Amino acid sequence: MTNVIHCYSRKQAIEDGILIDVSKLAKELGFTYPVAVTAGVWESCIQVPESVKGWQDETGRLWDILNIVRVGAKSESSNCLRVQVLFQNKPVGPPEKVTLVAHCGPGDKAEPVLTIMLPGED
């Protein structure tokens with residue numbers, strides 16, 4: 001038997017800002033499980049850079065991520081999905097391609113939850 005020394009719950013991670021709960025918008029797209037993104041995803045993909053503020057917003061960028069994950073999940077049978085999302089982070093030039101990982105796993109009470117993260121954040 002292994003003794004647990006410390007346990008960091010999903011609820012604590014959300015309270016600490018390590019994860020951001022985006023379940024409300026995800027539900028509008030048809031997600032049935034709670035969905036969170038990491039602070040890294042929020043800062044690098046959802047938060048709108050100053051150079052494109054005014055013609056993009058956080059809700060739209062999050063909507064794009066969730067929609068791509070939703071479509072990708074329909075054709076994936078594993079609990080881990082890699083997707084690529086394009087973000088326009090500069091007023092001119094091509095969009096930036098970002099790889100994200102969506103992982104479905106157990107939440108604090110072993111319920112299914114989805115976490116969207118950058119590669120290497122797992």
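Let me sum up the structure you'll find in this document. This one's a predicted model, so the numbers in the text were calculated from it and none came from an experiment. (Residues numbered from 1 in each chain as written. Predicted model: local features only at pLDDT ≥ 70, side-chain atom pairs only at ≥ 80, totals over all residues. Heavy atoms only, no water.)

**Quick word on the sheet that holds strand 5 (residues 112–117)**
As summarised here, the arrangement of the five strands in space is 1-2-5-4-3, forming an open sheet in which the pairing is mixed. Strand pairing shows two members of the sheet lacking a second neighbour, strand 1 (19–21) and strand 3 (80–87), which therefore form its edges. Put simply, the sheet's adjacent strands are angled 30° from each other on average, direction ignored. Running over the sheet, helix 3 (residues 39–46) touches strand 1, strand 2 (35–38), strand 3, strand 4 (96–106) and strand 5 and is turned about 75° from strand 2. (Pairing = 2+ DSSP bridges. Helix = DSSP H or I, 4+ residues; strand = E, 2+ residues; numbered from the N terminus. Axes fitted to C-alpha atoms, helices over the stretch in contact; angles between N-to-C directions. Contact = heavy atoms within 4.5 Å.)

**Remarks on the nonpolar core**
Counting 23 residues, the largest nonpolar core has I65, L66, V69, L100 and I116 as its most contacted members. Secondary structure elements with two or more residues in this core: helix 2 (23–28), strand 2, helix 3, helix 4 (58–74), strand 3, strand 4 and strand 5. Those residues in contact with V69 that lie beyond four places of it in its chain are F31, L81, V83, A102, L114 and I116. (Core = buried A, V, L, I, M, F, W, Y, C linked by side-chain atoms within 4.5 Å. Buried < 20%, exposed > 50% of the residue type's maximum accessible area, 1.4 Å probe, protein only.)

**A closer look at the side chain of T115**
One can find T115 in strand 5. Within the structure, the side chain of T115 is placed 2.6 Å from the side chain of R10, a separation counted as a polar contact. Apart from the residues lying within four places of it in its own chain, the contact partners of T115 are R10, L19, A36, T38, V101, A102 and H103. (Polar contact = N/O pair within 3.5 Å; in protein donor to acceptor, adjacent residues only side chain to side chain.)

**With respect to the pairing of strand 5**
Taken across its six residues, strand 5 has five buried, putting it largely inside the fold. By the bridge criterion, three bridges tie strand 2 to strand 5 in an arrangement that is parallel. Residue pairing in the sheet places V35 in a bridge with L114 of strand 5. The sheet contact formed by strand 4 and strand 5 spans six bridges and is antiparallel. Counted as the bridge partner of H103 is T115 from strand 5. What sits between the antiparallel neighbours strand 4 and strand 5 is a turn of five residues, in which A110 has the positive phi angle 70°.

**A few points about the side chain of Q88**
Along the chain, Q88 falls in the loop between strand 3 and strand 4. Classification of Q88 as buried rests on a relative accessible area of 17%. Among the polar contacts listed, one links the side chain of Q88 to the backbone oxygen of K90, at a separation of 2.8 Å. One polar contact links the side chain of Q88 to the main-chain carbonyl oxygen of G93, over a distance of 3.0 Å. If we ignore the near neighbours within four places in the chain, the residues touching Q88 are V52, W55, Q56, R61, G93, P94 and P95.

**As for the pattern of salt bridges**
Evaluation of the coordinates by the stated rule reveals one salt bridge. Residues K11 and E15 are paired through a salt bridge, measuring 3.5 Å at the closest nitrogen-oxygen approach. Of this pair, K11 and E15 both sit in helix 1 (residues 10–16), four residues apart, which is roughly one turn of the helix. With a relative accessible area of 55%, E15 lands in the exposed category. (Salt bridge = Lys/Arg side-chain N within 4 Å of Asp/Glu carboxyl O.)

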